[in-house]
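Tertiary structure, described
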Amino acid sequence: MKYEELSRAIVDGVGGKDNVKSVVHCTTRLRFKLKDESVAKDGVLKNTDGVITVVKSGGQYQVVIGNHVADVYEDLIKVGGFADGGVVADDYEEDENLSVLDKFIDLVSGIFTPILGPLCAAGMIKGFSAMFTSLGWLSTNSGTYKVLYAIGDGFFYFLPIILGVTAAKKFKVDQFIGMAIGAALCYPEIVALNSSKTVLYTIFNGTFFQSDIHATFLKLPIIMMSYTSSVIPIILAVWFASHVQRWARKVIPDVVKTFLVPFVTLLIAVPLTFLVIGPIATWLSDAISTIFVGIYDFSPLVAGVVMGAFWQVFVMFGLHWGFVAVAMANLASKGYDPIVILSLGASFAQTGVVLGMIMQTKNPKTRSIAIPAFISGIFGVTEPAIYGLTLPRKRPFILSCIAAAIGGGIIGLAGSKLYMMGGMGIFSIPSAIGTKTGIDSSVYGLIFSMAISTLLGLGLQLLFGRKSVDDTESATVVASGVPSSVEKPAKEENAVNQKQEYKSATKINSPLSGKLEALEDIDDEVFSSGAMGKGVAIEPDEGVLTAPADGTVTLAFPTGHAVGLRLETGTELLMHIGMDTVELDGKGFELLVEQGDKITAGQELLKFDIDLIKKSGFKLTTPIVVTNTKKYHEISVVDPQRKSIRRNDVLLDLK
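Description of the structure in this document. All values derive from a computational prediction rather than experimental measurement.

Rules behind the numbers
Residues numbered from 1 in each chain as written. Predicted model: local features only at pLDDT ≥ 70, side-chain atom pairs only at ≥ 80, totals over all residues. Heavy atoms only, no water. Helix = DSSP H or I, 4+ residues; strand = E, 2+ residues; numbered from the N terminus. Contact = heavy atoms within 4.5 Å. Pairing = 2+ DSSP bridges. Core = buried A, V, L, I, M, F, W, Y, C linked by side-chain atoms within 4.5 Å. Buried < 20%, exposed > 50% of the residue type's maximum accessible area, 1.4 Å probe, protein only. Phe/Tyr/Trp six-rings, centres within 6.5 Å; stacked < 30°, edge-to-face > 60°. Lys NZ or Arg CZ within 6 Å of the ring centre and 35° of its normal. Patch = residues over 30% accessible without salt bridge, like charges linked within 9 Å, V, L, I, M, F, W, Y side chains within 5 Å. Areas by Shrake-Rupley, 256 points an atom, 1.4 Å probe, with all protein chains shown as cover. Salt bridge = Lys/Arg side-chain N within 4 Å of Asp/Glu carboxyl O. Axes fitted to C-alpha atoms, helices over the stretch in contact; angles between N-to-C directions. Parallel < 35°, antiparallel > 145°, perpendicular 65-115°, else oblique. Left-handed = near helix turned anticlockwise from the far one by under 90°. Nonpolar A, V, L, I, M, F, W, Y, C, P; charged D, E, K, R; others polar. Polar contact = N/O pair within 3.5 Å; in protein donor to acceptor, adjacent residues only side chain to side chain.

It is worth spelling out the environment of Leu565 at this point. When you line up the elements, Leu565 lands in strand S15 (residues 562-567). The spacing of Leu565 and Ala370 is 195 residues in sequence and 45 Å in space, taken between C-alpha atoms. Discounting residues that sit within four places of it in the chain, Leu565 has contacts with Pro548, Thr552, Val553, Thr554, Thr571, Glu572, Leu573, Met575, Ile599 and Leu605.

And the structure:
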């Protein structure tokens, strides 16, 4: 356990194991959900060797580690005994109470983050293939070229299938249904129809939407589009399929759901994708692409300066995902993207500033952070540099934005374009080599911009940033990576945190029918100890769980064994069917709702097979727990003498 000592320091710094609700990690940071952030030792953690800084954002307590965060996380969950929540997107946040923009960013990042590694790898291989042919090292007729190009281009050609999987996961659809929809869009005979010389008739003559009809479905015209390498059509198609699947699960009998739900979903979703969703999505994609390219064409210089100057700010707030979506749309419709490439000078400007700081600092810890940050910046990963070095000191960050703006302007003037989504940093160069254009002035312009951005960043830091290098006392990262020079006095902060706001008194109906049992008497230490909150347990005699009141589903385990609710009264409720029933992996459970669903009192949330669960050797004792117990003075069973209860009878009294 290479990072055992660091892990113990982090656990202690966040207030100990008992203060941690959950922990996951992204590319560079550990993301904690803490019960009480006020007991975390911010200053101690920031001065801990191996920790770059601390960020508080979106209800998360984030400990920035750097590129080796996955290794630290692996040791951390062992040292702390935490559940392994795994890796998440860089801009991961809970999706409740998000704005429309935040939800869009969450959607795009959730769909693209899982494939970024292979996508970049495939783009790099495709880019290097183009570079090797331009240099005369490979012939396009050689087997070596064909195999290399197939590795790179195959990923993008069948992108709808790949996105079908990730979009299905995001929209909570059977992933094989998402894959099947994507496969239909890329099916060879469908692809061939788009270029067919047989034209039955033409619709929308003389308009932007004019289309030749090559085939019909049930006599309805199929407006053929090119769906290979496309992005928006498959995402919208899977989103539509999620609604069809949800409806099908409710109306189709249990005994035939296994095959009839996918049958109905595919039979409705795929034809409608070809008839309506696909054409509209493609037109929308083309329109978005045209707008952004039009802005770029108006003034590539201005576009480059603006994109370069603000790209790092966009990344900090997750807004860069919107530009990634635009880039994918441009690549699908035009075969190139002139927008995202304008940002490539930013990582080199940041790297140049860090190099200047390495030359200027006298602090061993600053140097130990700066050297690996400089190396990773060359390859396009700048988070360690931003959060660990330049942003807390303010001036170096501003200097890097100035250098990045000039670098972006040079890229715009050179007319550089990305012909594929590939690697970052220096690995982005092959992505700028077109198969037809080869290594031309636009590629040399990009390389020149990278060099100038680095030198400008270095020069500006050496000239204007020296005083801020070893003076970090006034800069503390407090939210979303935004620096603040003012912190609350400790006494004031503690006084605020000590105030406890209580929820209004209320009563909760029973979600189950069965025998009542005191929570402390059940055979599960987590629940019986009250660690999850106060409540009661029920031994169910009917396999139906219903909503005790109106509210929202906050937790819906895919295995169906547990459901969490936030009621309109503010009560947070967890209902866990049986003991250790997660091991059944969904067998015997039918989940009828999804996370985020609005529910009404008495609505069925899930069904479970009592006999199957018992025959499998599991107890059915079901804890009903108020997880925000601290928000109430007292929680008790309404009638302690009662031995059994029916669904919708009054169960708990919350005061």
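Taken together, eight strands build an open sheet; the order of strands is S18-S14-S15-S16-S20-S12-S11-S22 and the sheet is antiparallel. A single partner strand is all that each edge strand has here, and the edge strands are strand S18 (598-599) and strand S22 (644-645). Bridge analysis of strand S14 (residues 551-556) against S18 gives two bridges, and the strand direction is antiparallel. Along S18, the bridge assignment pairs Gly551 with Ile599.

What follows concerns the nonpolar core. Of all hydrophobic cores here, the largest spans 71 residues; its most connected members are Phe112, Leu163, Ile181, Met328 and Met421. Discounting residues that sit within four places of it in the chain, Met328 has contacts with Phe112, Leu119, Leu159, Val231 and Met421. Ranked by size, the runner-up nonpolar core spans 34 residues in total, among them Leu512, Ala556, Met575 and Leu605.

In the structure shown here, the tally under the stated rule is ten aromatic pairs. With centroids separated by 6.5 Å and ring planes inclined at 70 degrees, the aromatic side chains of Phe204 and Phe209 adopt a geometry described as edge-to-face. Looking at Lys417, its charged tip hangs above the ring of Tyr336, at a distance of 5.5 Å from the centre.

Let us look at unusual backbone geometry. Where the residue is not glycine, phi is negative for most of them; where a peptide bond is considered, it is trans in most cases. The phi torsion at Phe204 lies on the positive side, around 55 degrees, for a residue other than glycine. Relative to the assigned elements, Phe204 resides in the loop between strand S5 (201-203) and strand S6 (211-217). A residue is classified by how much of its surface remains accessible, and Phe204, at 43% relative accessible area, is partly exposed. Residues other than glycine seldom take positive phi values, yet Asn648 does so here, at roughly 80 degrees. Considering the arrangement of structural elements, one finds Asn648 in the loop between S22 and strand S23 (650-654).

Side chains of Trp247, Val251, Ile268, Leu272, Val276 and Ile280 sit close together on the surface and give an oily, nonpolar patch of about 500 Å² of accessible area. If you list the elements that add at least two residues to the nonpolar patch, you get helix H10 (232-251) and helix H11 (257-298). Among the elements that make up the nonpolar patch, the one with the highest residue count is H11 (four residues). For Ile268, the position within the fold is in helix H11.

At their nearest, the axes of H10 and H11 sit 7 Å apart, and the two run at 150 degrees to each other. As judged from the angle between their axes, H10 and H11 are roughly antiparallel. Here H10 runs over H11; the crossing is right-handed. Its residues assigned to classes, the contact of H10 with H11 comprises 17 nonpolar, six polar and two charged.

Topologically, His576 is positioned in strand S16 (residues 572-576). Overall, His576 belongs to the buried group, its relative accessible area being 15%. Among the polar contacts listed, one links the side chain of His576 to the backbone oxygen of Gly578, at a separation of 2.8 Å. Setting aside anything within four residues of it in sequence, one finds His576 in contact with Phe527, His561, Ala562, Thr581, Thr621, Thr622 and Pro623.

Take the environment of Thr282 next. Mapped onto the fold, Thr282 is located in helix H11. The spacing of Thr282 and Ser226 is 56 residues in sequence and 8.5 Å in space, taken between C-alpha atoms.

Tracing the backbone shows Thr627 in the loop between strand S20 (622-626) and strand S21 (635-637). Every residue in contact with Thr627, bar those within four places of it in the chain, is listed here: Met532, Glu572, Leu573 and Leu574.

Purely geometric numbers; function is a separate question.
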